[in-house]
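Residue-level listing of the chains:
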Amino acid sequence: MKGFAGIVVLIIILITIIILINSTHFQRNEDNIDLLIPKINNFVSIFKINAKNMSYDCNWNISQISTTNCLNDGLSQINSNFNKNTLITCETISLSKIDENNYEIKLSCSNKIPTPLQKETTFTFEKKILLTRPQNE
């Protein structure tokens, strides 16, 4: 009887181990990247909205230098707030003048260092945003 009970206990332990191993989900890097894409899109959309709203706060009628300084100051503030993000870090935002009514922002960001349990996957993305002179001025 002891031998049969030992076999039953061994089978129960094996079944429990198999169930536990199958229920453990190891997150693959591909899953991780797929989860980040919507977050990146959301991040860029929020940045774009903030940049366009900030451009309305600047007075585009004073001088080109004043407008450029105002836009650069606003972008610096937005960038410092966005670099508090735990997933993405952005380089200094470059602002270039297209003409007196338009500026282009180049947003260049990359992911922060992954956790030690994940494979190292680094990526960068760039987004260009056009700021135009508000029509109501």
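Scroll up for the structure.
Okay, so let's go over this structure. Note on numbering: residues in each chain are counted from 1, in written sequence order. Local features in a predicted model are, by the rule used here, given only for residues with pLDDT of at least 70; side-chain atom pairs are given and counted only at 80 or more, and totals for whole chains, interfaces and linings are based on all residues. Derived side-chain values reflect all non-hydrogen atoms in the structure, with water molecules and hydrogen atoms excluded from consideration.

1. Section: the overall build of the protein
Here is step 1: The secondary structure listing takes helices from DSSP runs of H or I that are at least 4 residues long and strands from runs of E that are at least 2 residues long, numbered from the N terminus. Across its full length, the protein carries three helices and four strands.
Here is step 2: Tracing the protein from N to C terminus, the helices and strands come up as α-α-α-β-β-β-β.
Here is step 3: Split into buried and exposed, the 137 residues of the protein put 26% on the buried side.
Here is step 4: Sequence separation of 24 or more characterises 59% of the internal contacts of the protein that already satisfy a separation of 6 or more.
Here is step 5: Summed over all atoms, the accessible surface of the protein reaches about 9,800 Å², with 58% contributed by carbon and sulfur. A simple rule labels every residue: compare its accessible area, found with a 1.4 Å probe on the protein chains alone, to the largest value its type can have, and call it buried under 20%, exposed over 50%, or partly exposed in between. What makes two residues a contact is simply this: any of their non-hydrogen atoms within 4.5 Å. The Shrake-Rupley method, run with a 1.4 Å probe sphere, supplies the accessible areas, and residue values consider only the shown protein chains as cover.

2. So, the pattern of salt bridges
Here is step 1: By definition, a salt bridge exists where a carboxyl oxygen of Asp or Glu is found within 4 Å of a side-chain nitrogen of Lys or Arg. The final tally for this structure, using the stated rule, is one salt bridge.
Here is step 2: Taking the shortest distance from any N to any O, the salt bridge between Glu126 and Lys106 comes out at 3.7 Å. Here the residue Glu126 occupies a position in strand 4 (residues 124-132), and Lys106 occupies one in strand 3 (residues 102-111), the gap between them amounting to 20 residues.
Here is step 3: Taking relative accessible area as the criterion, Glu126 reaches 53% and is therefore assigned exposed.
Here is step 4: Since its relative accessible area comes to 33%, Lys106 is described here as partly exposed.

3. Observations regarding the packing of aromatic side chains
Aromatic rings considered in pairs are described by the distance between their centres and by the relative angle of their planes.
Here is step 1: Aromatic rings from Phe, Tyr and Trp, taking only the six-membered ring of Trp, are treated as a pair when their centres fall within 6.5 Å; an angle between ring planes under 30 degrees marks them as stacked, one over 60 as edge-to-face, and anything in between as tilted. Following the criterion strictly, the structure yields one aromatic pair and no others.
Here is step 2: Note on Trp60 and Tyr103: the rings are 5.6 Å apart at their centroids and 75 degrees apart in plane angle, and the pair reads as edge-to-face. With Trp60 in the loop between helix 2 (29-57) and helix 3 (64-82) and Tyr103 in strand 3, this residue pair connects regions lying 43 residues apart in the sequence.
Here is step 3: Trp60 gets classed as buried once you look at its relative accessible area, which sits at 4%.

4. Comments concerning the side chain of Asn102
Here is step 1: Within the fold, Asn102 resides in strand 3.
Here is step 2: On the accessibility criterion, Asn102 (18% relative accessible area) is buried.
Here is step 3: Once residues lying within four places of it in the same chain are set aside, the contact partners of Asn102 are Trp60, Lys97, Leu130, Leu131 and Thr132.

5. Let's talk about helix 3
Here is step 1: Here the expected length of a helix is defined as 1.5 Å per residue gap, with one fewer gap than residues. Counted at 1.5 Å a residue, the expected span for helix 3 with its 19 residues is 27 Å, and the 27 Å between its end C-alpha atoms agrees.
Here is step 2: If you check which residues of helix 3 are buried, you get Thr67, Leu71, Gly74, Leu75, Ile78, Asn79 and Phe82. The buried residues of helix 3 occupy one face: seen down the axis, they fall within an arc of 140 degrees. The exposed set on the far side of helix 3, more than 90 degrees from its buried face, consists of Ile65 and Gln77. The arc in question is formed by the directions pointing from the helix axis toward the C-beta atoms.

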